[in-house]
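Each chain, written out:
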Amino acid sequence: MSVLQVSNLAKSYGGVQAVRGVTFDVAAGELVALIGPNGAGKTTTFNMLNGQIMPDAGRVELDGVDVTGLKPRALWRKGVGRTFQIAATFASMTVAENVEVGLMSQAGSFGFFRRGRAAVHAPAAELLALIGMEALAGRICGELAYGDIKRIELALALANAPRLLLMDEPCAGMAPRERGALMELAARMAAERNTAILFTEHDMDVVFGHASRVLVMNRGRLIASGSPHEIRANPQVREVYLGSRAEAVVS
């Protein structure tokens, strides 16, 4: 059964149809890429899936339950995590404190949070180990490199052990080696935790190197869906988006 099922999703702004009748699904354990040129409707689709925008039409289901239009906080409690194109953390807090805030938001209580304590709760320690940042637990986030900030944001998104993880351009602003490490971690989450992951990305090396399936949007419509190999060879996709880049990416 699909974790995420999207049916005939649509959104317009005045006379502009940003998303037109988009239908797709993401299964548990899948790492699915949503790609397309700028203005294709990818971010609008993401924002409707995450409850930041109410669709004009269509339906979003999580594990078979209609969650269309639920607010982000409600979706978070139902097991939907999200990272953003421009990563943001609590810059004045330590790495461990950031992760613990994410864990506490799941419980809906911040009453026991105290700044400056030396101990790190076990769940936070587990998340820090997962993203390979145990050694930086006491560092202030505002002092860290952007690649580290991206990893912390991922830890925050994983704090509620999501069934569905939405990643909006997870590799934006990162060095090539950092991109590979982050996506390998995401792939591990999909495989080991059976998490359904949907991500947007403009780096085709990342898309074709890590996605199990690729969805392509153009002018608000879904124009193709298939394996990386099928998408790379699709004439329509090459015409509207990939162009000569299809020859350059590694299969």
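Residues numbered from 1 in each chain as written. Predicted model: local features only at pLDDT ≥ 70, side-chain atom pairs only at ≥ 80, totals over all residues. Heavy atoms only, no water.

Notes on the nonpolar core
Then comes step 1: Ile35, Leu128, Ile197, Phe199, Val214 and Ile231 are the most contacted members of the largest nonpolar core, which totals 49 residues.
Then comes step 2: When residues in this core are grouped by element, the largest group, six residues, is from helix 6 (residues 176-193).
Then comes step 3: If we skip the residues at most four places from it in the chain, Ile35 touches Lys42, Glu201, Met204, Val207, Val214, Leu215, Val216, Met217, Ile231 and Tyr241.
Then comes step 4: With 27 residues, the next largest nonpolar core counts Ala40, Val60, Val67 and Val80 among its residues. (Core = buried A, V, L, I, M, F, W, Y, C linked by side-chain atoms within 4.5 Å. Buried < 20%, exposed > 50% of the residue type's maximum accessible area, 1.4 Å probe, protein only. Helix = DSSP H or I, 4+ residues; strand = E, 2+ residues; numbered from the N terminus. Contact = heavy atoms within 4.5 Å.)

Quick word on the sheet that holds strand 2 (residues 16-27)
Two strands in a sheet stick together by hydrogen bonds in their backbones, pointing the same way (parallel) or opposite ways (antiparallel).
Then comes step 1: Overall, antiparallel pairing links the four strands, which are arranged 2-1-4-5 in an open sheet. One side of each edge strand has no neighbouring strand; the edge strands of this open sheet are strand 2 and strand 5 (65-66).
Then comes step 2: In this fold helix 1 (residues 42-49) packs onto strand 1 (2-13), strand 2 and strand 4 (57-62), with an angle of close to 120° to the strand it touches most, strand 1. (Pairing = 2+ DSSP bridges. Axes fitted to C-alpha atoms, helices over the stretch in contact; angles between N-to-C directions.)

Observations concerning the pairing of strand 2
Then comes step 1: The pairing of strand 1 with strand 2 spans eight bridges and is classified as antiparallel. Within strand 2, the residue paired with Gln5 across the bridge is Asp25.
Then comes step 2: Connecting strand 1 to the next strand, strand 2, in antiparallel fashion are two residues, including Gly14 with a positive phi near 65°.

Focus on the environment of Met133
Then comes step 1: Position of Met133 relative to the elements: it lies in the loop between helix 4 (122-130) and helix 5 (146-157).
Then comes step 2: Met133 gets classed as buried once you look at its relative accessible area, which sits at 1%.
Then comes step 3: A C-alpha to C-alpha distance of 9.9 Å links Met133 and Ala155, two positions 22 residues apart in sequence.
Then comes step 4: In this view, Met133 contacts Val95, Leu128, Leu144, Asp148, Arg151 and Ile152; residues no more than four positions away in its chain are not counted.

Here's the deal with the sheet that holds strand 9 (residues 213-218)
Then comes step 1: Taken in spatial order, the six strands make up an open sheet running 6-7-8-3-9-10, and their pairing is mixed. Two strands close off the open sheet at either side, each with one partner strand: strand 6 (80-83) and strand 10 (221-226). Each strand of the sheet is rotated relative to its neighbour by a mean of 20°, with strand direction disregarded.
Then comes step 2: Bridge analysis of strand 6 against strand 7 (residues 164-168) gives four bridges, and the strand direction is parallel. Residue pairing for strand 7: Val80 is matched across the bridge by Leu164.

All quantities given are derived from atomic positions and should not be read as evidence of function.
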